[in-house]
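Commentary on secondary and tertiary structure
Residues per chain, in single letters:
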Amino acid sequence: MRFLVILALMWATAAHAQDRRPSHCIALAQVPGIEYLHKASFREPVEKHAVRISYISHASFLIQSHDGIDVVTDYTGFLGATTLVPDVVTMNHAHNTHWTANPDPAIPNVLPGWGDYGLGIEHYLDLGSMLIRNVSTDIRSFGGVEEKGNSIFVFEVAGLCIGHLGHLHHEPNDAQYAALGRLDVVMAAVDGGMSLDVPTMMRVLKRLKAQVVIPMHWFEEWTLSAFLTGMSDEYLIENEGRSSLTVSLRDLPDRPTIKVLSPRYLQDP
């Protein structure tokens, strides 16, 4: 049954998207490795064939490519003491800490993770060196469920597949896992209840098999500690007090790694 679901998804994707660049993350291929290349100011150029990820706040990250594309996830309208205008912002609306009704009109591409109620939305933004797409997920809403009310966004850049799980409220089904494809880096909410409980999030991450996991959306140290303890049997834990890291396709680490970043608002030099 699972095979038929995946086969149907691949057929539908091919029929619908013959005129657009195919996702290399969904393709059946060997998972490439990642090398850490710490650290640079967010205003400094990114090394070629690399991506810089900076943790801003809560669920907001700045993702930067070597050719100057700036993307902010779960954009709330405030980035810090900076004049930076991102090329792309993504948003989710489970809570108002993940979106804004008034994004800066200078931002060229504003990608909400929801559409009309229950219908979801599809994004497939090809920026040349970066492809951004989404997979719709359900959210809890007023004691019920709003189908396709949020999105997991995937950023394909420098050969990497980077996934931001957003305010995930349920474990993805087989079709959603298939649509996500390979993920090398994942930002995951580890608050322990507002999104997914810790055991379910651990199960999701272990199935995704990303080589790098970046915790986000944690409110108390005990929540983060519980997550790290639960994952320490299969993941190396690195917590160096940094707010950013740079990743590129190099050699696969000896074991999957959880990279703890400390949130910090952007500040121009």
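That block above? That's the structure.
Notes on the structure follow. (Residues numbered from 1 in each chain as written. Predicted model: local features only at pLDDT ≥ 70, side-chain atom pairs only at ≥ 80, totals over all residues. Heavy atoms only, no water.)

**Digging into the overall build of the protein chain**
Looking only at helices and strands, the protein chain features 4 helices and 17 strands. In the protein chain, which comprises 269 residues, the proportion classed as buried is 50%. Total accessible area on the protein chain stands at roughly 12300 Å², and carbon and sulfur atoms take up 55% of it. (Helix = DSSP H or I, 4+ residues; strand = E, 2+ residues; numbered from the N terminus. Buried < 20%, exposed > 50% of the residue type's maximum accessible area, 1.4 Å probe, protein only. Areas by Shrake-Rupley, 256 points an atom, 1.4 Å probe, with all protein chains shown as cover.)

**Description of the state of the cysteines**
Per the stated rule, a full pass over the model turns up 1 disulfide. Linked covalently through their sulfurs, Cys25 and Cys161 form a disulfide whose S-S length is 2.0 Å. A torsion of -105° about the S-S bond marks the disulfide between Cys25 and Cys161 as left-handed. A residue pair is termed long-range when its members are at least 10 positions apart, and Cys25 in the loop between α1 (2-16) and β1 (35-36) and Cys161 in strand β11 (residues 160-164) qualify at 136 residues. (Disulfide = S-S within 2.5 Å.)

**Here we look at the pattern of salt bridges**
Note that side chains of opposite charge can pair when their charged atoms are close. In total, this model carries 12 salt bridges according to the counting rule given. Two residues, Glu240 and Arg242, come together in a salt bridge whose shortest N-O distance is 2.9 Å. Among the salt bridges present, the one from Lys259 reaches Glu240, with a minimum N-O distance of 3.6 Å. Residue Lys259 is found in strand β16 (residues 257-260), and its partner Glu240 is found in the loop between β14 (236-239) and β15 (244-248); the two are separated by 19 residues along the sequence. For Glu240, a relative accessible area of 48% corresponds to the partly exposed category. (Salt bridge = Lys/Arg side-chain N within 4 Å of Asp/Glu carboxyl O.)

**Let's talk about the packing of aromatic side chains**
In total, this model carries 2 aromatic pairs according to the counting rule given. Between Tyr55 and Phe61, the aromatic rings sit 4.5 Å apart at their centres with planes inclined by 10°, giving stacked as the arrangement. Residue class for Tyr55 comes out buried when judged on its relative accessible area of 3%. On the accessibility criterion, Phe61 (0% relative accessible area) is buried. (Phe/Tyr/Trp six-rings, centres within 6.5 Å; stacked < 30°, edge-to-face > 60°.)

**Details of the nonpolar core**
Core analysis: the biggest nonpolar cluster contains 30 residues, and Leu165, Val186, Leu205, Leu208, Phe227 and Ile258 have the highest contact counts within it. Breaking this core down by element, the ones donating at least two residues are β10 (144-157), α2 (174-180), β12 (185-189), α3 (198-208), α4 (221-231) and β16. A per-element tally of this core places α3 first, with 6 residues. What Leu208 contacts, discounting residues up to four positions off in sequence, is Leu165, Tyr177, Leu180, Leu183 and Val186. (Core = buried A, V, L, I, M, F, W, Y, C linked by side-chain atoms within 4.5 Å. Contact = heavy atoms within 4.5 Å.)

**Concerning the packing of α3 against α4**
Two numbers describe a pair of packed helices, the interaxial angle and the distance between the axes. In contact at an axis separation of 10 Å, α3 and α4 are set at 45° when each is read in the N-to-C sense. Of the possible angle classes, the one that applies to α3 and α4 is oblique. Two packed elements cross with a definite hand, and for α3 against α4 that hand is right-handed. On α4, the residues that touch Val198, Met201, Met202, Leu205 and Lys206 of α3 are Ala226, Phe227, Gly230 and Met231. (Axes fitted to C-alpha atoms, helices over the stretch in contact; angles between N-to-C directions. Parallel < 35°, antiparallel > 145°, perpendicular 65-115°, else oblique. Left-handed = near helix turned anticlockwise from the far one by under 90°.)

**Brief notes about the environment of Ser232**
In this fold, Ser232 is placed in the loop between α4 and β14. Accessibility expressed as a relative area gives 37% for Ser232, which makes it partly exposed. Through-space distance from the C-alpha of Ser232 to that of Thr257 is 9.3 Å; in sequence the pair is 25 residues apart. A distance of 2.9 Å separates a polar side-chain atom of Ser232 from the backbone oxygen of Thr229. (Polar contact = N/O pair within 3.5 Å; in protein donor to acceptor, adjacent residues only side chain to side chain.)

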